[in-house]
Amino acid sequence: MTLSVRRARTNDVPSIHQLLDYYAARGQLLPRSPDELTEHISSFTVINEADNLTGCAALEVFTEDLGEVRSLAVRDAATGGGYGRALVEEIEHNARTIGLRRLMALTYVPDFFARLGYGVVAMNTLPEKVFGVCVTCPKFRCCDEIAVLKHLD
Ligand SMILES: CC(C)(COP(=O)(O)OP(=O)(O)OC[C@H]1O[C@@H](n2cnc3c(N)ncnc32)[C@H](O)[C@@H]1OP(=O)(O)O)[C@@H](O)C(=O)NCCC(=O)NCCS
């Protein structure tokens, strides 16, 4: 079966939305609306297998050197197959290409990120994220996610 890691297209939005919604309903990811996904589609990488969306991830840029792996999800039935790693590695490649030197994530699966070289950091070491973006999140005052960070150079 052909595995394709590629930039997302606007016609991937319904499948990305469905995949993120699946995990959002289980409290594992924040939901994103189709309109928001369309607006940010150029930041998304997807994996397709036999024309079906198997996984997705997005790169969000905060500052000249800091970016975030966001909206990382692999279809439940496909987990454990190396797709999550492939997506994060592609996001890291994209991040390096545009000059970022640090990549962070807020996550409930720090052990997955540890396998990829990310270390746990205190949330307040990432003010660019916490005060720029998190303040608008409904979970801002009760955030239970763990911040992880990797230096790309
Ligand atoms: C987390 C997630 C993206 C992992 O995707 P995956 O395709 O199963 O991951 P991979 O198969 O590429 O695993 C890569 C490595 O991480 C490990 N790993 C995967 N999931 C793990 C977990 N939940 N806890 C600890 N380690 C994990 C694997 O064993 C593998 O280790 P190895 O390379 O040393 O053998 C996927 O389970 C998912 O979509 N979860 C729900 C949404 C979510 O939590 N997203 C993250 C938001 S930040």
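Each value, and the rule that gives it
Residues numbered from 1 in each chain as written. Predicted model: local features only at pLDDT ≥ 70, side-chain atom pairs only at ≥ 80, totals over all residues. Heavy atoms only, no water. Near = heavy atom within 4 Å. Polar contact = N/O pair within 3.5 Å; in protein donor to acceptor, adjacent residues only side chain to side chain. Areas by Shrake-Rupley, 256 points an atom, 1.4 Å probe, with all protein chains shown as cover. Helix = DSSP H or I, 4+ residues; strand = E, 2+ residues; numbered from the N terminus. Nonpolar A, V, L, I, M, F, W, Y, C, P; charged D, E, K, R; others polar. Phe/Tyr/Trp six-rings, centres within 6.5 Å; stacked < 30°, edge-to-face > 60°. Buried < 20%, exposed > 50% of the residue type's maximum accessible area, 1.4 Å probe, protein only. Expected span 1.5 Å × (residues − 1). Contact = heavy atoms within 4.5 Å. Arc of directions from axis to C-beta.

### Some words on the site of the ligand
Then step 1. The local shell around the ligand holds 20 residues, among which V74, G80, G84, R85 and R115 are the closest.
Then step 2. V74 is positioned such that a nitrogen or oxygen atom in its backbone is 2.8 Å from an oxygen atom of the ligand.
Then step 3. One of the backbone nitrogen or oxygen atoms of G82 is found 2.8 Å away from an oxygen atom of the ligand.
Then step 4. Calculation on the ligand without its partners gives an accessible area of 910 Å², and the protein chains cover 74% of this total.
Then step 5. Per element, the largest residue contribution to the shell around the ligand is four residues, and it comes from helix α4 (residues 110–115).
Then step 6. For the shell around the ligand, the residue count by class is 10 nonpolar, seven polar and three charged.

### Focus on the packing of aromatic side chains
Then step 1. Using the criterion set out here, one finds three aromatic pairs in the structure.
Then step 2. Measuring from ring centre to ring centre gives 5.1 Å for F112 and F113, while their planes differ by 80 degrees; the resulting arrangement is edge-to-face.
Then step 3. Classification of F112 as partly exposed rests on a relative accessible area of 26%.
Then step 4. Summarising the aromatic geometry, the rings of F113 and Y118 are spaced 5.3 Å apart at their centres and angled 75 degrees between planes, so their arrangement reads as edge-to-face. This pair shows no difference in class: F113 is buried, exactly as Y118 is.

### Some words on helix α3 (residues 83–97)
Then step 1. Here α3 is 15 residues long and its end C-alpha atoms lie 21 Å apart, about the 21 Å a rise of 1.5 Å per residue gives.
Then step 2. Within α3 the residues assigned to the buried category are Y83, G84, L87, V88, I91, E92, N94 and A95.
Then step 3. Phi for G99, located one or two positions after α3, is positive at around 100 degrees.

### Some words on the side chain of T54
Then step 1. Of note, T54 is situated in strand β3 (residues 52–61).
Then step 2. Take T54: its relative accessible area is 4%, and that puts it in the buried class.
Then step 3. With residues up to four places along the chain from it excluded, the contact list for T54 reads L19, I47, N48, E49, A73, V74, R75, A78 and Y83.

### A closer look at helix α1 (residues 13–24)
Owing to its 3.6 residues per turn, the α-helix aligns residues three or four sequence positions apart on the same side.
Then step 1. Here α1 spans 16 Å end to end across 12 residues, near enough to the 16 Å set by a 1.5 Å rise per residue.
Then step 2. Residues of α1 that are buried include every one of V13, I16, L19, L20, Y23 and A24, and no others. Down the axis of α1, the buried set is contained in an arc of 140 degrees. They therefore lie on one face. Away from the buried face of α1 by more than 90 degrees, exposed residues P14 and Q18 are located.
Then step 3. As for α1, its buried residues are in contact with α2 (34–39), β2 (44–49), β3 and β4 (66–74).

Fair warning: the whole summary comes from geometry, so function is off the table for now.
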